[in-house]
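Residue-level listing of the chains:
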Amino acid sequence: MYYDDTLAPEVWEAPDYAYFPDIEMVHFRTGWGNNDISLTLKSGPPGGYRLNEWIALTGRGNVGHDKPDAQNITIGYKSKRWGDYPPYVEGQSGNVDVRLSRYHNTLIVDGKGQNFETNGWGQPITNMANQARVSEFFGTDNYGFTTGDAKNAYQVKLSKFDRDIFYVDGRYYVSFDDIAKNSGTGSFEYLFHNRGTWTGNLDDGYVIDQDGDKMSLYVRMPVAATATLLPPESAYEYAVYQSLGSELAVKNTANANSAQFASVYFPQVGGETLLSAPVLTQDSEGLKMTVNRAAKTDYFAVRSNVGNITMNDLSANAETVFYTKSGSDITNTVMINGNSLYQTEGLPVFSSTNNLNLRYQSLASPNTFKFYAQRPKLSDATDTVLNISQLVPNTLYNLSWEGGQTEFVKSDGNGLLSLTIDASQMHEVTVAPVFSIDTSLTMGDEEAIAGINVTSNLKDSETSSLVAILGRYKGKRLIDVVTKPYTLTAANPSVSDSFSVPLLEGEYAQLFLWDSTEYMKPLIASKKLSHSYLYELLNAQGEGSMTVYGTTEADVYLTLVVRNDEETIVYLNQTLTGSDGSFAFEFPLEEYGSYEAAVGTATRDDVRILAFDYSPPAE
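Keep in mind that this is a model prediction, so the values were computed, not measured.

## Comments concerning unusual backbone geometry
In this structure, Glu24 is a non-glycine residue whose phi angle is positive, near 55°. Despite not being glycine, Gln71 has its phi angle at roughly 80°, a positive value. Examined against the element boundaries, Gln71 turns out to sit in the loop between helix 1 (48-58) and strand 4 (72-77).

Here you go:
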């Protein structure tokens, strides 16, 4: 062999989420360190698809080492297994046998397990390739979702068995089980096995302690349920349970045709526990659950099919939605198999021509966010129009796509962006306004102090000029202004500054930040985003007073600016239109000269100036 020591080694970063299509297994993890957590769901055909193809082709194949474990969950934390998996045991073809679904972290129906159960080494069975599958997978950093479908895997005939797995905020996992028999009623039993010491109960949740490392486990049903916790020295074979640990079994109290289970698996990283037990409710839409953490709250809604989902902070037409709030702010929202997601005011609203899996992630800069989008796993949709609305109207946004591609797109007058995406690919897109702006205005007894912080997303050769105006007012009259111009470039894309005006008794201040590159666009007024435009320039000679009349929509704020022939702003104010949409600005003219005035609104592009009046100088 030849060793070339001039070659640099390739650094491979293992992904934090993965889908393995042959054996139908999904993995979500926070990282690869000892303190990271991970979850694995297996829901596939015994042997995997390739082996099944070989068996169908040749009539030969060995699946003896596979087990009846469709929908099995295993969690890793602190180098320990949470949700134990049965080992190979001596004499397993005799009295001690681990090839039972009962010894896995899945469900049991009427006391029976899956078709692949056996008293010895498993051999191919009829229709083995169609026993189970992963019907949905949506993986992103810190948030993910998958569904295992095992309705064909059971001895009892089922019309449905979906196990949804939620990966939440890089912190913990949730499972929702939806299972139904073809006909008749019976019992449905949730199983979880773990070594260590168990404390707690079904109502308050369980804590599993393995040598000082702990995981909280909560299991909820929307109907009355009973739970049993069998220790290793139970009637079950000790040779199995010395590795499996205790078995938690939760099942419906009264026989039913169907059942739902919601389970929360919360590793106590750093000793953190939930503030209270999760609350599960059921309404006409489906199951909904709330999980309260130390600083955040997570909300879940799961339907049995695509339809309306209504929650406190959002609504959707989808199959599943879950989101996280930090305090009162939504930081992340995930929609599965849906075409509309309406979030609370001030956050983006998404709609699409085809159903999508979509995640919204709030970023630190104002009006900046990231979205992930891809078609559902079983969909064949490609080109999809994704509409993003409730953005800032008439604003230029920088879209940074996966792979480094960027483009500039302007929202329309209603704050809408329309994008055409290839939904067969996963897209990770950061959406940021060309200007990210933060302002402050502090009024003291003797002065008003303004602060601005602006960051731009300009391309290589672009420049932009900003003008900050701090106005000093008494009543509605502008007494004085301080004007500060700034120039931004791609090489110097940010500015941070503060300045002040003196205040006398009864006076106040307003801060405006204008983009002077186009048509004097006011970006900010008194800490409020106000994306007004100036539409007409009007001239007058004389002194005395001047009035601008107009009409537009009712109950909207308009901005008026007046400049003299030296382009110095001599008047700047806002007014609220009346119930009939009419408005009138009146302001003084203190000397002869040429003046230009313009009016803009944040809600319409068609402000119509009806008349322009001024009083001539007295003779």
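## Considerations on the environment of Gln114
Within the secondary structure, Gln114 is located in the loop between strand 6 (107-109) and strand 7 (133-139). When its relative accessible area of 3% is taken as the criterion, Gln114 is described as buried. Sequence separation between Gln114 and Ala70 is 44 residues, and the spatial gap between their C-alpha atoms is 8.0 Å. The residues touching Gln114, leaving out its near neighbours within four places in the chain, are Pro68, Asp69, Ala70, Ser101, Thr106, Ala153, Tyr154 and Gln155. At 3.4 Å, the side chain of Gln114 forms a polar contact with the backbone nitrogen of Asp69.

## Notes on the sheet that holds strand 12 (residues 197-201)
One open sheet holds the eight strands; their spatial order is 7-8-9-10-17-14-13-12, and the pairing between them is antiparallel. At either margin of the open sheet sits one strand with a lone partner, and together these are strand 7 and strand 12. Adjacent strand axes in the sheet meet at a mean angle of 15° when their direction is disregarded.

## Comments concerning the packing of aromatic side chains
A full pass over the atoms with the stated rule returns 22 aromatic pairs. Arranged with centres 6.4 Å apart and planes meeting at 55°, the rings of Phe350 and Tyr360 form a pair that is tilted. Judged by its relative accessible area of 1%, Phe350 falls in the buried class. In this structure Tyr360 comes out as buried when scored by relative accessible area, which is 3%. Linked through ring pairs, Tyr143, Phe145, Phe166, Phe176, Phe300 and Phe322 together constitute an aromatic cluster. Seen from the ring of Trp32, Arg29 lies directly overhead, with NZ or CZ sitting 3.7 Å from the centre.

## Here we look at the sheet that holds strand 31 (residues 447-456)
Pairing is antiparallel in the open sheet, where three strands are placed in the order 30-31-34. Taken across any chain shown, the strands that pair with only one partner, and hence form the sheet edges, are strand 30 (435-443) and strand 34 (494-502). Along the sheet, successive strands turn relative to each other by an average axial angle of 10°, direction set aside. With nine bridges joining them, strand 30 and strand 31 adopt antiparallel strand pairing. Each residue of the ladder has a partner; that of Met443, found in strand 31, is Ala448.

## Here we look at the nonpolar core
In this structure, Tyr190, Phe261 and Tyr265 are the most contacted members of the largest nonpolar core, which totals 41 residues. Considering every element that reaches this core, the biggest residue donor is strand 9 (residues 158-168), with four residues. Excluding residues that lie within four positions of it along the chain, Tyr265 makes contacts with Ile73, Ile75, Tyr172, Tyr173, Val174, Ser175, Tyr190, Phe192, Met215, Ser216 and Leu217. Among the nonpolar cores identified, the runner-up in size contains 34 residues, and Phe369, Leu391, Ile421 and Ala423 belong to it.

## Side note on the environment of Val482
With respect to the helices, strands and loops of the structure, Val482 is situated in strand 33 (residues 477-489). Between the C-alpha atom of Val482 and that of Val501, which follows or precedes it by 19 residues, the distance is 7.0 Å. Setting aside anything within four residues of it in sequence, one finds Val482 in contact with Ala468, Ile469, Leu470, Phe499, Ser500 and Val501.

## Side note on the pairing of strand 11 (residues 188-194)
Most of strand 11 sits out of view: seven of its seven residues are buried. By the alternation rule, side chains of strand 11 split into Phe188, Tyr190, Phe192 and Asn194 and Glu189, Leu191 and His193, which are all buried. Pairing of strand 6 with strand 11, which is carried by three bridges, proceeds in the antiparallel orientation. Residue pairing in the sheet places Ile108 in a bridge with Glu189 of strand 11. Two elements, strand 11 and strand 16 (residues 246-252), share six bridges in a ladder whose sense is antiparallel. Looking at the pairing, Glu189 lines up with Lys251 of strand 16.

## What to know about the confidence of the model for the protein chain
Summing up the model confidence of the protein chain, the mean pLDDT is 84 and the portion of residues at 70 or higher is 81%. This stretch, residues 517-543, has a pLDDT under 50; its non-local contacts, to residues over four places away or in other chains, come to 117 contacts.

The rules behind the values
Sequence order as written defines residue numbering, which begins from 1 separately in each chain. Only residues with pLDDT of 70 or above have their local features reported here, since the model is predicted, and side-chain atom pairs are shown and tallied only from 80 upward, although totals for entire chains, interfaces and linings are computed over all residues. Only heavy atoms go into the side-chain values, all of them from the structure, while hydrogens and water stay out. Secondary structure elements follow DSSP: runs of H or I no shorter than four residues count as helices, runs of E no shorter than two count as strands, and numbering proceeds from the N terminus. Three labels apply to residues, based on accessible area from a 1.4 Å probe with only protein chains included: buried if under 20% of the type maximum, exposed if over 50%, partly exposed otherwise in between. Residues count as neighbours in contact if any of their non-hydrogen atoms are within 4.5 Å of one another. Polar contacts, as used here, are pairs of N or O atoms within 3.5 Å; protein pairs need one atom able to donate a hydrogen and one able to accept it. Residues neighboring in sequence count only if both atoms are side-chain atoms. Strand pairing is assigned whenever DSSP detects at least two bridges linking the two strands. For helices, the fitted line uses only the C-alpha atoms of the stretch in contact; every axis is such a line through C-alpha atoms, and the angle between N-to-C directions lies from 0 to 180 degrees. Between rings of Phe, Tyr and Trp, where Trp is taken as its six-membered ring, a pair exists when centres lie within 6.5 Å; planes separated by under 30 degrees are stacked, by over 60 edge-to-face, and by other angles tilted. We count a charge as sitting over a ring when the NZ of a lysine or the CZ of an arginine lies within 6 Å of the ring centre and within 35 degrees of the ring normal. Residue types Ala, Val, Leu, Ile, Met, Phe, Trp, Tyr and Cys, when buried and joined through side-chain atoms within 4.5 Å, form a set referred to as a nonpolar core. Confidence scores labelled pLDDT are given residue by residue by the predictor and lie between 0 and 100.

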